[in-house]
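Examining the three-dimensional arrangement
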Amino acid sequence: MGTMPRATPVSQETVGAIGHSISLIRGEVGETADCINEQELAQLATHLNTVNRVFVAGAGRSGLVLRMAAMRLMHLGLTVHIAGDTTTPAIRAGDLLVVASGSGTTSSVVKAAETAAKAGAKVAAFTANTNSPLAAVADMLMVIPAPQKTDHQSGASRQYSGSLFEQVLFLATEAVFQALWEKASISAEQLWSRHANLE
């Protein structure tokens, strides 16, 4: 039986840097989340209970956050599809597409929104840019007031390349899920019964 590897020595400078970073991120997320319009999120939550099916589309890290949101909505019992998956059907009237792009210009996301709108589906968009092509096509707009990923000079966030938008996007989608769950009065055990069992 092998011996346990020795832990790499960690300097107090590194420990301090981690602590500082946690405080920085926590502060930025809190300040930005406080600026979210709760009415916008409430509109999305309300609409989620009226649609036939929910589709999500996003690129990069924003897309990963929407995949997490899709999982939670599936746990609630909604029919949810992720754009681009091989088994995702065509979107149509009566459906809802949820998209996210900090810049509001991500080509694949804007194209998905335009396709959904043309098919008669509703579009709910998370963005930081209210003057973007994505905002223009959205039926519901949820603004996350965070700097865009190419904004390296403004000092609006000390984090790198869009991290704040993605962090607050996660918080916002979790808030929508939590509100829907509490209103539905479904037990955690009932939600868990829908969790993937082919992992």
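Located above this text is the structure these notes cover.
This text gives an overview of the structure that appears in the document. From a predicted model like this one, the values you see are computed outputs, not experimental measurements. (Residues numbered from 1 in each chain as written. Predicted model: local features only at pLDDT ≥ 70, side-chain atom pairs only at ≥ 80, totals over all residues. Heavy atoms only, no water.)

A few points about the environment of Val80
In plain terms, the rule: What counts as a helix is a DSSP run of H or I of at least four residues, what counts as a strand is a run of E of at least two, and both are numbered from the N terminus. Whether two residues touch is decided by their heavy atoms; if any such pair falls within 4.5 Å, the residues are in contact.
Looking at the secondary structure, you find Val80 in strand E2 (residues 80-82). Once the C-alpha coordinates of Val80 and Val56 are considered, the two residues, 24 residues apart in sequence, prove to be 7.8 Å apart. What Val80 contacts, discounting residues up to four positions off in sequence, is Val54, Ala70, Leu73 and Met74.

Points about the pairing of strand E4 (residues 122-127)
Basically, it comes down to this: Burial here depends on accessible area, computed with a 1.4 Å probe over protein chains only, as a share of the maximum for the residue type. Under 20% is buried, over 50% is exposed, and the range in between is partly exposed. Two strands are counted as paired when DSSP detects at least two bridges linking them. By the criterion used throughout, a crossover qualifies as right-handed when its path from the first strand across the helix to the second strand runs clockwise, the strands pointing away from the viewer.
With five of six residues buried, E4 is to be regarded as a mostly interior element. One ladder, built from five bridges, connects strand E3 (residues 96-100) with E4; its direction is parallel. Bridging across to E4, Leu97 finds its partner in Val123. Taken together, E3, helix H4 (residues 107-118) and E4 form a β-α-β motif whose crossover is right-handed.

Comments concerning the pairing of strand E5 (residues 140-143)
Along a regular strand, successive side chains alternate from one face of the sheet to the other. Only one face of E5 is covered, namely the one carrying Met140 and Met142; the face carrying Leu141 and Val143 has none of its residues buried. In this structure, E4 lies alongside E5, joined through four bridges in parallel fashion. When the bridges of E5 are listed, Thr127 appears paired with Val143.

Remember, this is a structural readout, not a statement about activity or role.
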